[in-house]
Amino acid sequence: MSSEAEIHFELYRHLMNAIEEGASHYGITYTNVEPEQSLEGGYADLVVETERGDPFFIIEAKREPVDDPDRGIDPYSTQVIDQASRYATRLGAPYFATYNGRKLVLFKTFERGVSLLDRKSRDYEVEDISEFAGALLGEVAGVDNDEVEWNPHSDTFISRLDSFHSLLQDEFRDSLESKLDDDSFVSEYEEWIGDQGWTEDYEDDPEEVHTAYTSQASYLFMNKLVFLKLLEDADAYVDVPDVDLGDLAEPEARRQAFDDLMENVDFEAIYEQEEIFDSLPLTEKAQEEVNLLTDELESYDLDDQFDYDVIGQIYKEIIPAEERHDLGQYYTPPRVVDLITRLTIDDETDDVLDPACGSGGFLVGAYNRLSSLGVDDHEDILSQVHGIDINRFPAHLSAINLAVQDLSTETHNTNIEVTDFFNVIHGQDRVTVDRASVGDDEDDDGSYEVDFPPIVDAVVANPPYIRSGQIDDVENAGSHLEGLGYELDGNSDIYCYFFTHAYEFLEEEGKMGFLTSNRWLSADYGEELQEFLFDNFKIHSVIDFRQQMFEIPLISTCITILEKCNDPEERRENRTNLVHIKDRFDDLEELVDVVRDDDQEFGTMNINSRFRRATFRQDTLRDMERWDRYLFGPKIYFELLSEYEDQLCSVDDLADVSRGFTSGDNDYFYFQEQNEYEEWGIEEEFISPLLKHISPTEYIDLKEEDPTWYYLDATEYVEDVLDAQTGFEDRDDAEVVKEQLEEDGYDGVIAYLEHGENQDLNDADESPTVMQKGRVWFDIGEPDKPPLILAKEYWRDARVLRNTSGIALDQRNYPVEPHDGIDHLVLLGVLNSSLMAMIREMEGREQQGMAMNRNELTVGDAEDMRIPDIRDFSEGEADSIRSAISEWLEEEREASEDEQDEFKQKLDRAVLPAIGFGEDEDGELDEELLDERVEEIQQAVEDLLERREQGAGLETEVLIGDEREEEEEVDEFDLAGATRISDGGQSSISDW
Ligand SMILES: C[S@@+](CC[C@H](N)C(=O)[O-])C[C@H]1O[C@@H](n2cnc3c(N)ncnc32)[C@H](O)[C@@H]1O
């Protein structure tokens, strides 16, 4: 689509189609769309009518007739809105919409001059107009019936800024094109690109770098305009000079205007000149957009409206997902900020640092905390609060966020630095940084030397979550470790380095409060970090929340509260509370009491409906693996360990578990489908079934006909041929076997062996793993065919299989050989009970995956896993397990899902009493109690699975991710062809 007329036409056509198919929603029946309706003073593009021919809403579908067809008008711009609202008012239509081919914004018809924040609107990113047109009819009827909600007020403002940002960015792209002919600009630009570490990206894909650059230029410029308006509104700033915003096109004029501003209001954090961005001229259209936005900003009172929430939302919503993802730029919910600042800032004299400050959530939290502790001067508080962010845009937002905390006082200085935290070196008195705040002595190159940061009393942060493999410069991130005498595991995600580096800026007894991924509690890489924490801190608490507590999901995260402590004895004796919060605490102090409790005995767990708290002396925690189990593990698991311990043993007391089989080269020796070996004509004699993973069968009893993989099985043939050899052969064994194959006419397998030789599989240097297997290179030996099979990894299905058909196993399955005297069926029954599923969830490892994290066991884990000791079962107990599992095995192939559930139920009801669950106080079996225990365990398994599912995939890459939220919103709205741009309010900071 390239012209305005086409946008009209497409929209018209699809709306008409929807109406002809019968568009009736919430009692409103649409009957017609009138195109180009003539009105005094112009034409309404499209008028959508209901039953009696009443105009219900009109749509202004505009696109600027410019060269680039992708550039549209801003559907939020006053001109467009004014025109549309004029037409709607004249026609008596209660709603109107503006549309540019990409974005559609629906408004309630309003009087002219109503400020942006007072307009009722709802916006949509239109992906497929053919689907969206019909959905739009439902939406408009929905808002009319109060069934569909308008955007919250601040969203309208954010969306306006968002659309301004993207239009300005398009224009800056044009300006950049013109500057790319200018050699001196180009050399500066390339230097800047180098500073960002993007030189290689620039060589690979210059357009991507241009986009990132123009996006930043556009953010920074937008902030300057918005903040200027804020200063003009704020009483404290009496000296704000008149800035002629109508004349910013030329860099010189712009520089002058902002320099004047800086001289008078002294707010370098925002107005500091940056050659690389400020030398871009504004196009004529960009200047027009600036004029429109500034006119609009005139119409409302920013002083009252531009608060913490709005700034947080700018951060959250304007930065595109991909960009946010690269730097881990996510907004921290105010409740988390309040809790962390409350637990770490104790005294009014405390200095506070956030080394990854983003839009300033923690800085504002620290501001409020200091203020509540009694610091009452705005400038004094600001002098105690320090922030660092690698990126200038969030740093700007932080500075604004702090300034707006008190607009009755001028802000001269915010201690916000734009730098990579890992470039800030402790002990180096003065560091040179590219400074976003008022500086001391300016160097020639515009950078400043400052004392930064000081040693502080509290470090608080929600550091970025970037996986180890994606950290741009691991060396830089880890360069401080040598001085500390520590190492972190190479797989450590970036937040681990924030812990160790931030330590260097803490006073003795200073506190650290971080919101991070909780992977360090369970992943292998966490061990080194735990070691560091044990050696240097009192670990006061680790807190995790049910994610429902927040408006946006907090996935796999925890809060860690630490205190720097050099005294080993004090550290050992310290109390560590591991706290899982289940309920919403409206009173922050009540929550603080739960987290800080110092009455509970060491080594005990307190579980109630609102929280669970496990308390340990720090030195006992040191030897414990997987502390996270105490945070999420079901109550019944701990009951099992403490009260039924005598009934348990470990798996290796009952059976041998070993590593499965490896071929040395799966690509060659394995075939996933029958046709893969048939294509080569490999004779059936050389093919055997192989169980690669348990998922192809949904049963417990593995049968020959179950779909499995296949492998090239030459072992028996090779043995026969070589054993039959008489006398000394002058040829190597492989030649002897191949000759026999030829004699026997096995052409298919011979062709395949040649294929293998062409890949050097018969060359010990090239393929050592293959060559060391059997007697000749294509004999990979006899895989295990054990009676029971334990999956090394699984997602949802914790089945243990019986292998009556003797199918070979790959290494993703562990062979289980019961010891002499152990009844196979009873063991199989116990292993398939819900009790074992729960134990495996708790004792296995969680490995990250895309759709769902998987549960994985090493052989060692499997051997150590706890299990009811079946050697102690009475004959009667063993019998009932045997009969439950036998019935299941016999009937599973014909059983419905419900019947399968019944089998499981019967098995659980047989296994649990064998260790004493379900017995009343007198040791008698109580059937009702037993049912309750069975249900409790089954529910625990479900909850653990759900937790593992939620911790998976993309979502774990972000701390506070709204990718999931966005996905859910789409589902929730079920709106065809479009994505709602924004929805839902943000909790306010006082909303405890
Ligand atoms: C999760 S956000 C912090 C959010 C903040 N607490 C808020 O409420 O807005 C993490 C921030 O760390 C910044 N960051 C990433 N790597 C950094 C580094 N090496 N040094 C300093 N800041 C960094 C990102 O730009 C991002 O703004």
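One can find the structure itself at the top, above this paragraph.
Sequence order as written defines residue numbering, which begins from 1 separately in each chain. Local features in this predicted model are restricted to residues of pLDDT 70 or higher, and side-chain atom pairs are both shown and tallied only at a pLDDT of 80 or more, whereas totals for entire chains, interfaces and linings draw on every residue. Here the side-chain values reflect all heavy atoms present in the structure, with hydrogen atoms and water set aside.

1. Looking at the overall build of the protein chain
Then comes step 1: Helix and strand assignments come from DSSP, with helices taken as H or I runs of at least 4 residues and strands as E runs of at least 2, each series counted from the N terminus. The secondary structure content of the protein chain amounts to 41 helices and 34 strands.
Then comes step 2: By residue count, 58% of the 992 residues in the protein chain fall in the buried class.
Then comes step 3: Note on definitions: a residue-residue contact is assigned when non-hydrogen atoms from the two residues lie within 4.5 Å. Counted over contacts in the protein chain with a minimum sequence separation of 6, partners at least 24 positions apart contribute 72%.
Then comes step 4: Computed with a 1.4 Å probe, the accessible areas rest on the Shrake-Rupley method; for each residue, only the protein chains presented here act as cover. On the protein chain, roughly 41,100 Å² of surface is accessible, and the fraction owed to carbon and sulfur atoms is 40%. Working definition: with a 1.4 Å probe on protein chains only, accessible area under 20% of the residue-type maximum means buried, over 50% means exposed, and in between means partly exposed.

2. What about the pattern of salt bridges?
Then comes step 1: We define a salt bridge as a contact between a side-chain nitrogen of Lys or Arg and a carboxyl oxygen of Asp or Glu at a distance within 4 Å. This structure, assessed with the given rule, holds 42 salt bridges.
Then comes step 2: With a closest N to O distance of 3.6 Å, Arg 255 and Glu 275 form a salt bridge. Taken as a pair, Arg 255 in helix 8 (residues 251-265) and Glu 275 in helix 10 (residues 275-278) lie far apart in primary sequence, 20 residues in all.
Then comes step 3: Among the ionic pairs, Arg 882 bridges to Glu 875, the shortest N-O distance being 3.8 Å.

3. Topic: the pairing of strand 15 (residues 506-517)
Then comes step 1: Summarising burial for strand 15: 9 of the 12 residues are buried, a large majority.
Then comes step 2: Looking at chain direction, strand 14 (residues 456-461) and strand 15 are connected through 5 bridges and run parallel. The partner of Val 460 across the bridge, within strand 15, is Gly 513.
Then comes step 3: One requirement defines pairing of two strands: DSSP has to find at least two bridges between them. Two strands pair when backbone bridges link them, and strand 15 and strand 17 (residues 557-564) are joined in this way by 7 bridges, in the antiparallel orientation.

4. So, the site of the ligand
Then comes step 1: Of all residues adjacent to the ligand, which total 23 residues, the nearest are Tyr 315, Tyr 330, Thr 332, Ser 359 and Asp 389.
Then comes step 2: We define a polar contact as two N or O atoms separated by no more than 3.5 Å, with the added condition that, inside protein, one atom must be a possible hydrogen donor and the other a possible acceptor, whereas residues neighbouring each other in sequence contribute only through side-chain atom pairs. Within the side chain of Asp 389, a nitrogen or oxygen atom sits 2.7 Å from an oxygen atom of the ligand.
Then comes step 3: Here a nitrogen atom of the ligand sits 2.9 Å away from a polar atom, N or O, in the main chain of Phe 421.
Then comes step 4: In isolation the ligand has 610 Å² of accessible area, and contact with the protein removes 98% of it.
Then comes step 5: Residue classes follow a fixed rule: Ala, Val, Leu, Ile, Met, Phe, Trp, Tyr, Cys and Pro count as nonpolar, while Asp, Glu, Lys and Arg count as charged, and any other residue, Gly among them, counts as polar. Of the residues in the shell around the ligand, the class split is 12 nonpolar, 9 polar and 2 charged. For this description, a residue counts as near a given molecule or strand if any of its non-hydrogen atoms is within 4 Å of it.

5. Re the nonpolar core
Then comes step 1: Core analysis: the biggest nonpolar cluster contains 108 residues, and Met 512 and Trp 520 have the highest contact counts within it.
Then comes step 2: Among the elements that line this core, the one with the most residues is helix 21 (residues 494-503), at 8 residues.
Then comes step 3: Each domain's extent is set by a domain assignment, obtained either automatically or from a database. Here this core gathers at least three residues from each of two domains, domain 3 (321-633) and domain 5 (835-950).
Then comes step 4: Excluding its chain neighbours within four sequence positions, the residues that come into contact with Trp 520 are Tyr 495, Tyr 525, Gly 526, Leu 529, Gln 530, Leu 533, Val 542, Cys 558, Thr 560 and Trp 627. Among buried residues, the Ala, Val, Leu, Ile, Met, Phe, Trp, Tyr and Cys ones that are joined through side-chain atoms within 4.5 Å form a nonpolar core.

6. As for the packing of helix 32 (residues 733-744) against helix 33 (residues 747-758)
Then comes step 1: Comment: axis = line fitted to C-alpha atoms, over the contacting stretch for helices; angle = value between 0 and 180 degrees taken between N-to-C directions. Between helix 32 and helix 33, whose axes approach to 10 Å, the crossing angle comes to 150 degrees. The pairing of helix 32 with helix 33 is recorded here as roughly antiparallel in orientation. Facing helix 32, whose interface residues are Lys 738, Leu 741 and Glu 742, helix 33 presents Val 749, Ile 750, Leu 753 and Glu 757.
Then comes step 2: The residue inventory of the contact of helix 32 with helix 33, partitioned by class, reads 4 nonpolar, no polar and 3 charged. The labels follow the angle: roughly parallel below 35 degrees, roughly antiparallel above 145, roughly perpendicular from 65 to 115, and oblique for the rest.

7. Focus: the packing of helix 35 (residues 824-831) against helix 38 (residues 875-891)
The packing of two helices is summarised by the inter-axis angle and the distance between the axes.
Then comes step 1: At a minimum axis distance of 8 Å, the contact between helix 35 and helix 38 shows a crossing angle of 75 degrees. Considering the angle they form, helix 35 stands roughly perpendicular to helix 38. Note on element contacts: helix 38 touches helix 35 through Ala 878, Ile 881, Arg 882, Ile 885, Ser 886 and Leu 889, opposite Leu 825, Val 826, Leu 828, Gly 829 and Val 830.
Then comes step 2: A per-class count over the contact of helix 35 with helix 38 returns 8 nonpolar, 2 polar and 1 charged.

8. Some remarks on the sheet that holds strand 28 (residues 800-802)
Then comes step 1: In spatial order, the strands read 22-30-26-28; together these 4 strands make up an open sheet with antiparallel pairing. Each edge of the open sheet is held by one strand with a lone partner, namely strand 22 (655-657) and strand 28. Looking at each pair of strands side by side, their axes are set apart by 30 degrees on average, direction ignored.
Then comes step 2: By the bridge criterion, 4 bridges tie strand 26 (residues 788-791) to strand 30 (residues 813-818) in an arrangement that is antiparallel. Each bridged residue has a counterpart across the sheet, and for Ile 789 the counterpart in strand 30 is Pro 815.
Then comes step 3: Packing of helix 35 onto the sheet brings it into contact with strand 22, strand 26, strand 28 and strand 30, and relative to strand 28 it is tilted by some 150 degrees.

9. Observations concerning the environment of Gln 256
Then comes step 1: Position of Gln 256 relative to the elements: it lies in helix 8.
Then comes step 2: For the pair Gln 256 and Gln 273, spaced 17 residues apart in sequence, the C-alpha to C-alpha distance is 9.9 Å.

10. Some thoughts on the environment of Ile 543
Then comes step 1: With respect to the helices and strands, the residue Ile 543 is situated in strand 16 (residues 537-545).
Then comes step 2: Along the chain, Ile 543 and Ile 559 lie 16 residues apart, while their C-alpha atoms are 5.0 Å from each other.
Then comes step 3: The residues contacting Ile 543, other than those within four sequence positions of it, are Leu 339, Leu 343, Cys 558, Ile 559, Ile 561, Val 579, Ile 581 and Val 595.

11. Describing helix 16 (residues 361-372)
Then comes step 1: How far a helix is expected to stretch is found by multiplying one less than its residue total by 1.5 Å. Taking 1.5 Å of rise per residue, the 12 residues of helix 16 would be expected to cover 16 Å, and the 17 Å separating its terminal C-alpha atoms lies within 8% of that figure.
Then comes step 2: Taking burial as the measure, the 12 residues of helix 16 include 9 buried ones, the bulk of the element.
Then comes step 3: Turning to helix 16, its buried residues are Gly 361, Phe 362, Leu 363, Val 364, Gly 365, Ala 366, Tyr 367, Arg 369 and Leu 370.
Then comes step 4: Gly 374 occupies a position one or two residues after helix 16 and carries a positive phi of about 120 degrees.

12. Looking at a negative patch on the surface
Then comes step 1: The grouping of Glu 487, Glu 527, Glu 528, Glu 625, Asp 652, Asp 653, Asp 656, Asp 784, Glu 817 and Asp 864 at the surface amounts to a negative patch.
Then comes step 2: Elements represented by at least two residues in the negative patch include exactly helix 22 (526-536) and helix 28 (651-654).
Then comes step 3: Take Asp 656: it is sitting in strand 22.
Then comes step 4: Taking the relative accessible area as the measure of exposure, Asp 656 reaches 46% and is therefore partly exposed. Patch membership requires more than 30% relative accessible area and the absence of a salt bridge. Residues of like charge join within 9 Å; the nonpolar side chains Val, Leu, Ile, Met, Phe, Trp and Tyr join within 5 Å. We treat Lys and Arg as the positive residues and Asp and Glu as the negative residues; His and chain ends play no part in the count. Note that the charge is assigned to NZ on lysines, CZ on arginines, CG on aspartates and CD on glutamates.

13. Points about the sheet that holds strand 32 (residues 854-856)
Then comes step 1: Read from one edge to the other, the open sheet built from 3 strands follows the order 27-32-31, with strand pairing classed as antiparallel. Either end of the sheet is taken by a strand with one partner, and the two such strands are strand 27 (793-794) and strand 31 (845-847).
Then comes step 2: For strand 31 and strand 32, the ladder comprises 3 bridges, and the chain directions are antiparallel. What sits directly across from Arg 845, in strand 32, is Glu 856.

14. Some details on unusual backbone geometry
Then comes step 1: One non-glycine residue, Tyr 26, lies in the positive phi region at around 45 degrees.
Then comes step 2: Residue placement: Tyr 26 occurs in the loop between strand 1 (24-25) and strand 2 (28-39).
Then comes step 3: Positive phi is not limited to glycine here, since Asp 146 has a value of about 60 degrees.
Then comes step 4: Within the fold, Asp 146 resides in the loop between helix 3 (129-144) and helix 4 (153-179).
Then comes step 5: Asp 146 gets classed as exposed once you look at its relative accessible area, which sits at 69%.

15. Observations concerning the pairing of strand 5 (residues 95-99)
Consecutive side chains along a regular strand alternate between the two faces of the sheet.
Then comes step 1: Taking burial as the measure, the 5 residues of strand 5 include 5 buried ones, the bulk of the element.
Then comes step 2: Of the two faces of strand 5, the one carrying Tyr 95, Ala 97 and Tyr 99 and the one carrying Phe 96 and Thr 98 are both buried.
Then comes step 3: Note that strand 5 and strand 6 (residues 103-108) share 5 bridges and pair antiparallel. Within the sheet, the bridge partner assigned to Tyr 95 lies in strand 6 and is Lys 108.
Then comes step 4: Hairpin connection, strand 5 to strand 6: the antiparallel pair is bridged by 3 residues, and Gly 101 has positive phi, about 95 degrees.

16. Description of helix 36 (residues 834-843)
Then comes step 1: The element helix 36 is extensively covered by neighbouring structure, given that 10 of its 10 residues are classed as buried.
Then comes step 2: Residues Ser 834, Leu 835, Met 836, Ala 837, Met 838, Ile 839, Arg 840, Glu 841, Met 842 and Glu 843 constitute the buried set of helix 36.

17. Some words on the packing of aromatic side chains
Then comes step 1: Within 6.5 Å between ring centres, the rings of Phe, Tyr and Trp (the latter by its six-membered ring) count as paired, and their orientation is classed by plane angle as stacked under 30 degrees, edge-to-face over 60, tilted in between. Taken as a whole and assessed by the stated rule, the structure comprises 47 aromatic pairs.
Then comes step 2: Members of the aromatic cluster, each reached through a chain of ring pairs, are Tyr 668, Phe 669, Phe 671, Tyr 677, Trp 680, Tyr 710, Tyr 752, Trp 777 and Phe 778.
Then comes step 3: Looking at Lys 564, its charged tip hangs above the ring of Tyr 503, at a distance of 4.2 Å from the centre. By definition here, charges over rings are those cases where NZ of Lys or CZ of Arg is within 6 Å of the ring centre and within 35 degrees of the ring normal.

18. A word on the side chain of His 378
Then comes step 1: One can find His 378 in helix 17 (residues 378-384).
Then comes step 2: The buried category is assigned to His 378, whose relative accessible area is 2%.
Then comes step 3: Within the structure, His 378 has its side chain in polar contact with the side chain of Tyr 367 (distance 2.6 Å).
Then comes step 4: Setting aside anything within four residues of it in sequence, one finds His 378 in contact with Tyr 367, Leu 402, Ala 403, Gln 405, Asp 406, Thr 409, Glu 410 and Thr 411.

Everything listed here is a matter of geometry and, on its own, says nothing about what the molecule does.
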